Amino acid sequence: METNKVSEPYRENINIHYMVNKKKIKPKGIVLHLFIIAVGILMLYPLLWMISSSFKPDSEIFKNISFLPTVFTFENYVIGWAGLSGVSFGKFFANTFFLVAVAIIGTVISCSMAAYAFARLEFAYKKIWFAIMLTTMMLPFHVTVIPQYIIFNKLDWVNTYLPLTIPKFLAGDGFFIFLMVQFIRTIPRELDEAAKMDGCGPIRLYSTLIMPLALPALITTMIFTFIWTWNDFFSQLLYIGDINLYTVALGLRMFLDAMGQNSWGAMFAMSTVSLIPLFALFIFFQRYLIEGITAGGVKG
Amino acid sequence: MASLKKMWRNNWVGYLFLAPWLIGFFFLGIIPIGSSLYLSFTSYDMFTPAEWTGLTNYAEIFADKKWWNSVKVTLVYVFIGAPLQLTFALAVAVLLNRGIKGLRVYRAIYYVPSLFGGSVAVAILWRQIFGGDGLINQFLSVFGIKGTNWISSPDTAIFTLIILTVWQFGAPMVIFLAGLKQVPNDLYEAATIDGAGKIKQFFKITLPLISPIIFFNLVMQIINAFQAFTPAYIVSGGSGGPLDSTLFYTLYLYQKGFTQFQMGYASALAWILLIAIAFVTALIFLSSKKWVYYQE
């Protein structure tokens, strides 16, 4: 009792201090924060566990429940990176980065051209083409995949990167066209008029005015193309059979088949490495990613 | 002739810029769609010429027990997975939308599973987590519970995949957050003055105002779920097992088309999928008149 009485004014003082300096943090708010953090950790736990397991010796992964390894080893990374059948994981990464780079170049050029046409140019049947383009966004790709395979097979393109890259130069992804059309429409028309007065034709208008101004939409497109190409598995599985052309996704799949239950450590190590580029992209370009995700959903 | 020339003069720039898309649309869109419709009425294995068989493929499909099973598996995955995922997405978005500090960090943390979720790496991880001596069972054994091998038991395998899709609620959550921000604050203030509690406010203000976004998310997630492939392929090792319990529709299509080279049969499968997706989407669109509230 005694201590309580003494501390009473003290406590009030602290409370006042608290409220003045940190208005937003109330006991209820702290509970909310703790709850959100707890759920967040629960969600990330599988990934964190994978990372920690990648530094454990194989014998420890399933025996030791503790999060931190008792023996810290890089061996999994060495074994994993060596790859299979004499092809290192480095090759798979180089292949995937190459595919990603080509996909980005193709998508940005072809989709921005279509978007510029839809947003700024006048031509016959424009509205109909635009409606068709939007409809194709909804189409499940399984309807086209079999004839496409037959066509690419006839062209002798199977087991090359052509089926994975050429379509990117043909603006196959309506989502990006739509995203850019929406963005280009927000660029003031007065800028176009001014450039036209200076004798700027439609082609130069595209390359010197619209493209630089649409950069945020282009960056969003690049990031999504990166992620989707990196995570793509179906078309790589279909078209690539030669191990020298394998991507990271195919390399991991082969790892799983060949090593199966025997070397989870190495597999976790390579899985972890395979997620690093995506994570780095996310850290640096979060804003563009969030904008891309919300662009379709809100006001769409 | 002259009018054609004139038309070209007026339109050539537009069609020049549209050319890549047009070429792609014809050679990778229209022509394949037409061929796949044609192939669905034929027997074709890529090595001998296609042979017209009329409706045989479709008749065989409807008599195919494995197909019915894959339909069941896919419907369970779509209609449990997508609504559960959206429920989580909305619940967390509402929690995060209360003007708390650190919103950006929390949003980022919750989004990470969506970023990685479609990858082979995460599918491999999932196979381990729900395996016989995996993370889940290690955790359960702390409480003295001995779990089964969730991946190799036909009763539970599909649910590990549903959990995988629910785990990726971050992407629709981000869309919900953006939508919640647009709900005007004075509506809540007015409701508070009128004595409406938080729960009533959620059902009477928040839900109606973001119903267009729920609608958008629902359509997108259901279309995506119908087409899911990688997780089932990796987790089951390409088989759709155990006992076809994870044989997603797309996985069955892949097996028929690209391992058994029954291209005609697989094309028919693709067309049924297209019609099913169109049908479900149309149903959601029709129902939306009853529950989606558009301002003005």
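Bear in mind the structure is a predicted one, so any value in this text is a computation, not a measurement.

What counts and what doesn't
- Residues numbered from 1 in each chain as written.
- Chains lettered and ligands numbered in written order.
- Predicted model: local features only at pLDDT ≥ 70, side-chain atom pairs only at ≥ 80, totals over all residues.
- Helix = DSSP H or I, 4+ residues; strand = E, 2+ residues; numbered from the N terminus.
- Rg over C-alpha atoms; globule rule 2.2 N^0.38 Å.
- Buried ≥ 20, exposed ≤ 12 C-beta atoms within 10 Å, placed from the backbone.
- Contact = placed C-beta atoms within 7 Å.
- Nonpolar A, V, L, I, M, F, W, Y, C, P; charged D, E, K, R; others polar.
- Core = buried A, V, L, I, M, F, W, Y, C linked by C-beta atoms within 7 Å.
- Domains from an automatic or database assignment.
- pLDDT = per-residue confidence, 0-100.
- Axes fitted to C-alpha atoms, helices over the stretch in contact; angles between N-to-C directions.
- Parallel < 35°, antiparallel > 145°, perpendicular 65-115°, else oblique.

1. Quick word on the overall build of chain B
If you tally the helices and strands in chain B, you get 13 helices and two strands. For chain B, whose C-alpha radius of gyration is 24 Å, the value lies well above the compact-globule estimate of 19 Å for 296 residues. Taken along the three principal axes of its C-alpha coordinates, chain B extends 70 × 70 × 35 Å. Looking at chain B residue by residue over its 296 residues, the buried ones come to 40%.

2. Here's the deal with the interface of chain B and chain A
Frequently, the measure chosen for interface size is the accessible area that the parts lose on association. The interface is formed by 69 residues belonging to chain B together with 64 residues belonging to chain A. Ranked by the residues each element gives to the side of chain B that touches chain A, the list is headed by helix 1 (residues 2-39) of chain B, at 18 residues. Among the residues making up the side of chain B that touches chain A, the classes are represented as 49 nonpolar, 18 polar and two charged.

3. Things to note about the nonpolar core
Of all hydrophobic cores here, the largest spans 144 residues; its most connected members are Ala114(A), Ile177(A) and Met180(A). Looking at this core, you find at least three residues from each of domain 1 (2-76) and domain 2 (81-297) of chain A.

4. Here's the deal with the environment of Leu96(B)
Residue and element names in this part refer to chain B. Residue placement: Leu96 occurs in helix 3 (residues 65-96). For Leu96, a count of 21 C-beta atoms within 10 Å translates into the label buried. Dropping the residues within four chain positions of it, Leu96 is found in contact with Leu103, Tyr106, Arg107 and Leu177.

5. Digging into the confidence of the model for chain B
In regions of low pLDDT, the predicted coordinates are not meant to be interpreted in detail. For chain B, per-residue confidence averages 90 on the pLDDT scale, and residues scoring 70 or more make up 99% of the total. Overall fold confidence (pTM) sits at 0.89, and the ipTM for the predicted complex is 0.89.

6. Comments concerning the domain arrangement of chain A
Residues and elements named next belong to chain A. Along its sequence, chain A is organised into domain 1 (2-76) and domain 2 (81-297). Every contact between the two is made by nine residues of domain 1 and, on the other side, eight residues of domain 2. Mapped onto the side of domain 1 that touches domain 2, the elements with two or more residues apiece are helix 2 (27-53) and helix 3 (58-61). With three residues, helix 2 is the single largest residue contributor to the side of domain 1 that touches domain 2. Looking at the side of domain 1 that touches domain 2, its residues break down into four nonpolar, three polar and two charged.

7. Here we look at the confidence of the model for chain A
Of all residues in chain A, 87% have pLDDT values of 70 or greater, and the mean over the chain is 85. Contacts for the low-pLDDT stretch residues 1-23 of chain A, under 50 throughout, to residues beyond four places or in other chains number zero contacts.

8. Notes on the packing of helix 7 (residues 142-154) of chain A against helix 13 (residues 263-291) of chain B
Contact geometry of helix 7 of chain A with helix 13 of chain B gives a least axis separation of 8 Å together with a crossing angle of 155°. In this view, helix 7 of chain A runs roughly antiparallel relative to helix 13 of chain B, as classed from their interaxial angle. Seen from helix 7 of chain A, the contacting residues are His142(A), Val143(A), Ile146(A) and Ile150(A); seen from helix 13 of chain B, they are Met263(B), Ala266(B), Ser267(B), Ala270(B), Trp271(B), Leu273(B) and Leu274(B). Residue composition of the contact of helix 7 of chain A with helix 13 of chain B, grouped by class: nine nonpolar, two polar and no charged.

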